[in-house]
Amino acid sequence: MADSHEVIPHNFIHDIIDADLASGKHDHVVTRFPPEPNGYLHIGHAKAIVLNFGTAEKYDGRCHLRFDDTNPLTESVEYVESMQEDIQWLGYDWGDHLFYASDYFEKMFDCAVHLIRRGKAYVDSLSMEEIREYRGTVTEPGRFSPYRGRSIDENLDLFHRMRAGEFADGEHVLRAKIGMDSPNMLMRDPLLYRIRHARHHHRGDDWCIYPMYDFAHCLEDAFEAVTHSLCSLEFENNREVYDWVIRETEVENQPQQIEFARLNMGYTVMSKRKLLRLVEGGLVEGWDDPRLPTLAGLRRRGVPPEAIRTFCHRIGVTKANSRVELELFENTIRDELNMRAPRVMAVTDPLKVTITNFDGDTEWLDASYYPHDVPLEGSRKIPFTRELFIERDDFEEHPPKGFYRMSPGQEVRLRYGYYVTCQDVIKDDSGRIIELLCTYDPDTRSGTSADGRKVKGTIHWVSATEGIPCELRLYDRLFAQEDPEEDKEKDFLECLNPDSLILRRGVIEPSVLDDDPTTTYQFERRGYFRQDPKNTGDLLVFNRVVTLRDTWAKHTEEPTEAPKPKKPRAPQKPQEPTESERDRLRAEDSLLADRYQSLQDQGLHEETADVLTGDRHTLAFFDEALKSFHDPNAVGTWLVNEVLHRVDEDAAVDSLGITPDQVAALVEMVSEDRISTQISREVLEDVLANGGDPRAIVADQGLEKVSDEDALRPQLEEIVAAHPDEVQRFRDGNDRLIGFFIGQAMKKTGGTADPVAVREILQDLLSP
RNA sequence: UGGGGUGUGGCCAAGUGGCAAGGCACCUGGUUUUGGUCCAGGCAUUCCCAGGUUCGAAUCCUGGCACCCCAGCCA
């Protein structure tokens with residue numbers, strides 16, 4: 001697996017796994033990453049990879065790599081190979097657990113036959129268009145296919161002949177026999193197999209029928225004994241089919257599908273289709289273009305795999321659709337590189353500087369590879385000569401306020417070199433600055449002056465005569481808009497950032513010639529760079545991985561983007577009460593309607609009366625409880641808030657396992673002040689789970705409310721004494737902390753303390 | 001419009017009836033031979049809205065609103 005020191009943060013899926021382990025449902029964990037080999041992996045996949053492999057690692061289980069290759073038309077070995085390379089590069093190892101869905105085709109075929117034999121699947125011969133028509137719409141149910149009634153023998157025969165290649169593409173399909181009226185469109189007799197006379201990249205011509213996702217995927221999971229099958233949100237509707245297939249094929253294992261939100265990131269696109277358009281349209285150099293969010297692209301750009309893993313941990317795993325800001329990714333990359341990248345100097349936009357009072361030979365100066373705060377050792381020599389290059393934007397003839405780089409007469413430090421001062425500016429005919437004439441102070445070698453005088457600015461530089469020319473590829477965000485898909489009218493390609501790649505001819509210090517070409521550097525004050533691994537020419541080519549944070553740029557740049565407008569809170573439309581199921585029932589049942597009104601007349605809240613009179617069972621239960629304790633308001637409120645919502649949609653109250661008189665007893669004890677509401681809820685849980693008489697439970701467990709000050713005060717004093725910090729903060733004005741103290745008291749007394757009394761005593765104890 | 005989901009600062013995201021974690025971004029100030037890093041501080045009286053239950057609600061109840069997904073022989 002990846003670095004075993006890596007902390008894998010907890011998420012809601014881990015909660016589920018913890019529960020499954022605790023309940024004994026599973027005693028180990030198996031996950032899988034199941035890409036379809038029809039494109040390159042991108043950072044969105046990295047989220048899934050890190051989740052699946054990371055989860056397996058966290059629980060000491062295993063994670064399979066499985067190619068979900070059930071559609072020969074779009075898949076290829078190129079993708080199979082690139083995916084393996086990318087996953088390994090990310091730092092994960094699937095060991096022996098490499099699988100292909102297509103290797104399960106025989107087993108899947110058997111499952112399909114089993115389904116047919118059980119009358120749970122049939123061969124349909126409708127055309128594609130007809131199938132669509134018969135499916136109905138989201139609001140109307142579909143219709144049965146005329147072929148739905150074929151005999152088991154006929155289905156078996158047809159299905160075997162489909163496999164034998166007797167039919168053309170599209171002539172028949174195998175469908176599950178479930179029904180055509182499910183509100184879930186995917187459950188309307190989903191297609192299981194289609195005919196495709198196509199060569200498969202892994203199985204060749206073995207097959208001419210191919211299973212559909214809904215049939216294949218769950219079986220793959222089951223065959224591999226996957227325990228937790230993690231997929232993205234758009235498959236939520238498919239879960240019902242998943243479970244149906246697992247159940248009806250009667251396979252041995254029952255994997256559980258859990259969905260999480262896929263990753264979206266600012267200024268890029270993640271969908272395979274859109275990535276494919278960029279690649280095939282020649283808008284980028286290929287799948288590994290460094291501007292792409294593909295793993296191949298990020299790798300070529302120079303993003304370390306550790307940064308990608310850390311990023312995936314930082315963004316979390318939830319079910320909420322979200323888009324992560326690019327800044328978070330960039331910060332993660334910088335974080336990773338800051339601690340390990342050697343610093344060198346390169347000038348990306350050279351401006352010539354002549355040191356007029358320097359005449360000697362080349363001077364070789366010591367320069368550390370790492371700043372004081374990076375605990376790594378190492379240094380190199382850099383050549384100082386009469387002619388140098390500095391960065392064009394490090395000079396301003398008319399400096400703005402706060403500019404402390406080079407300007408006429410303003411002394412600056414050349415990093416690891418000397419203090420220099422600009423004396424003269426040389427321009428060409430068009431007024432463009434072409435050279436600066438400077439003087440240096442020979443007593444400031446290595447950047448410190450003998451007299452201790454300070455300079456504000458330090459700039460980087462490269463010898464004009466000893467420096468090495470190079471090409472610098474300054475990559476930036478691919479799109480100019482944070483969400484290129486935002487405008488549905490506009491094609492996302494119109495949002496491309498014209499400056500996503502800026503080519504520069506620059507110059508770099510000669511020391512890099514001795515380095516491993518895969519070194520990732522920090523070019524001081526410019527960003528992190530590393531050589532383009534695909535470069536075959538003689539000229540050095542460096543890709544910019546990411547810039548450095550630049551707080552100065554903020555002062556100078558016009559804000560390119562208006563500050564994000566505060567999301568206008570959607571004005572709530574006036575709430576027109578819509579007709580509910582309960583309203584409907586009352587309209588037909590005058591008894592219900594009458595009581596709805598009379599309960600409100602007796603002082604019950606409208607909502608409470610509404611729920612109580614929603615159907616006759618509920619009302620009868622309520623009335624029965626009233627016979628034991630006649631306080632309609634107390635009983636009704638408690639019933640609605642604590643009990644009724646636990647009843648299943650189609651079930652009646654009676655199914656719950658609590659009787660009206662048990663409810664009445666509970667409410668009565670609360671009303672008589674014998675127990676607190678908190679205790680009443682706990683006793684309710686107890687009754688629901690184990691049955692029994694509420695009064696007896698209260699008596700046996702000593703749950704009566706304690707309001708007696710003499711009993712309470714000593715305990716409260718202890719609590720106050722145990723939390724001096726909180727006391728101080730409370731006295732400093734944080735009065736919300738009263739809740740903390742009450743909570744402590746409730747915990748200490750097992751919920752029996754009278755919170756009103758506790759509050760009073762506490763107020764006294766805590767007042768300064 | 002039927003069904004399935006999701007709403008916590010500018011962006012992610014903890015939180016499961018008792019003090020609104022953390023990161024990114026942003027704003028101060030300090031250190032600094034990188035306008036980098038690092039350090040210190042600031043940044044949600046409030047959790048989509050409205051009611052209700054409770055001593056106490058982001059959390060429980062009722063009702064609403066917004067956004068995402070589903071009518072491929074794609075996955």
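Our subject is the structure listed above.
We now turn to the structure provided with this report. Since this is a predicted model, take the numbers as computed values, not measurements. (Residues numbered from 1 in each chain as written. Chains lettered and ligands numbered in written order. Predicted model: local features only at pLDDT ≥ 70, side-chain atom pairs only at ≥ 80, totals over all residues. Heavy atoms only, no water.)

Here the focus is the sheet that holds strand 4 (residues 121-124). Taken together, the four strands give an open sheet; going across it, the order is 4-5-6-7, and neighbouring strands pair in antiparallel fashion. Two strands in the sheet have a free side with no partner beyond their single neighbour: strand 4 and strand 7 (209-211). Pairs of neighbouring strands in the sheet enclose a mean axial angle of 20°, with direction left out of account. Judged from the three bridges that link them, strand 5 (residues 173-176) and strand 6 (residues 191-195) form a sheet pairing that is antiparallel. Bridge assignment links Val-173 to a residue of strand 6, and that residue is Arg-194. Along the sheet, helix 6 (residues 152-164) makes contact with strand 4, strand 5, strand 6 and strand 7, crossing strand 4 at roughly 60°. (Pairing = 2+ DSSP bridges. Helix = DSSP H or I, 4+ residues; strand = E, 2+ residues; numbered from the N terminus. Axes fitted to C-alpha atoms, helices over the stretch in contact; angles between N-to-C directions. Contact = heavy atoms within 4.5 Å.)

Most of strand 2 (residues 62-67) is tucked away, with five of its six residues classed as buried. Across four bridges, the pairing between strand 1 (residues 30-33) and strand 2 is parallel. Within strand 2, the residue paired with Arg-32 across the bridge is His-64. In the classification by handedness, the crossover that spans strand 1, the intervening helix 2 (residues 43-58) and the parallel strand 2 is right-handed. As paired strands, strand 2 and strand 3 (residues 98-100) are joined by three bridges and run parallel to one another. Looking at strand 3, one finds that Arg-66 is bridged to Phe-99. Handedness of the crossover joining strand 2 and strand 3 through helix 3 (residues 77-90): right-handed. (Buried < 20%, exposed > 50% of the residue type's maximum accessible area, 1.4 Å probe, protein only. Right-handed = clockwise from strand over helix to strand, strands pointing away.)

Take the sheet that holds strand 12 (residues 350-355) next. What links the strands of a sheet is backbone hydrogen bonding, and the strands pair in either a parallel or an antiparallel sense. Strand order in this open sheet of seven strands is 19-16-17-18-12-15-20, and the pairing throughout is mixed. Whereas interior strands pair on both sides, the edge strands pair on one side only; in this sheet they are strand 19 (458-459) and strand 20 (461-463). As paired strands, strand 12 and strand 15 (residues 387-391) are joined by five bridges and run antiparallel to one another. Residue pairing in the sheet places Val-353 in a bridge with Leu-388 of strand 15.

Here the structure, examined in full by the defined rule, presents 28 aromatic pairs. Seen from their ring centres, Phe-109 and Phe-159 are 4.8 Å apart, and the 10° between their planes marks the pair as stacked. Highlighted residues: Phe-109 in helix 4 (residues 105-117) and Phe-159 in helix 6, separated in sequence by 50 residues. Accessibility classification places Phe-109 together with Phe-159 in one group, the buried group. Over the face of the ring belonging to Tyr-134 we find Arg-143, whose NZ or CZ atom lies 4.2 Å from the ring centre. The cationic tip of Arg-477 hangs over the ring face of Tyr-267; the distance from NZ or CZ to the ring centre is 4.0 Å. (Phe/Tyr/Trp six-rings, centres within 6.5 Å; stacked < 30°, edge-to-face > 60°. Lys NZ or Arg CZ within 6 Å of the ring centre and 35° of its normal.)

A grouping of Glu-486, Asp-487, Glu-489 and Glu-494 is seen on the molecular surface, where their side chains present a negatively charged patch. Within the fold, Asp-487 resides in the loop between strand 21 (468-475) and strand 22 (501-508). (Patch = residues over 30% accessible without salt bridge, like charges linked within 9 Å, V, L, I, M, F, W, Y side chains within 5 Å. Areas by Shrake-Rupley, 256 points an atom, 1.4 Å probe, with all protein chains shown as cover. Salt bridge = Lys/Arg side-chain N within 4 Å of Asp/Glu carboxyl O. Lys, Arg positive; Asp, Glu negative; His and termini not counted. Charge placed at Lys NZ, Arg CZ, Asp CG, Glu CD.)

Estimates place the volume of the second largest pocket at around 750 Å³. Looking at the lining of the second largest pocket, the elements with two or more residues in it are strand 1, helix 2, helix 7 (213-223) and strand 8 (228-232). It is helix 2 that provides the largest number of residues to the lining of the second largest pocket, a total of four residues. (1 Å grid on protein atoms, 1.4 Å probe; cavity = no way out; pocket = protein on both sides within 12 Å on 5 of 7 lines; lining within 4 Å. Points joined across faces, edges and corners; volume = space filled by probe spheres on them.)

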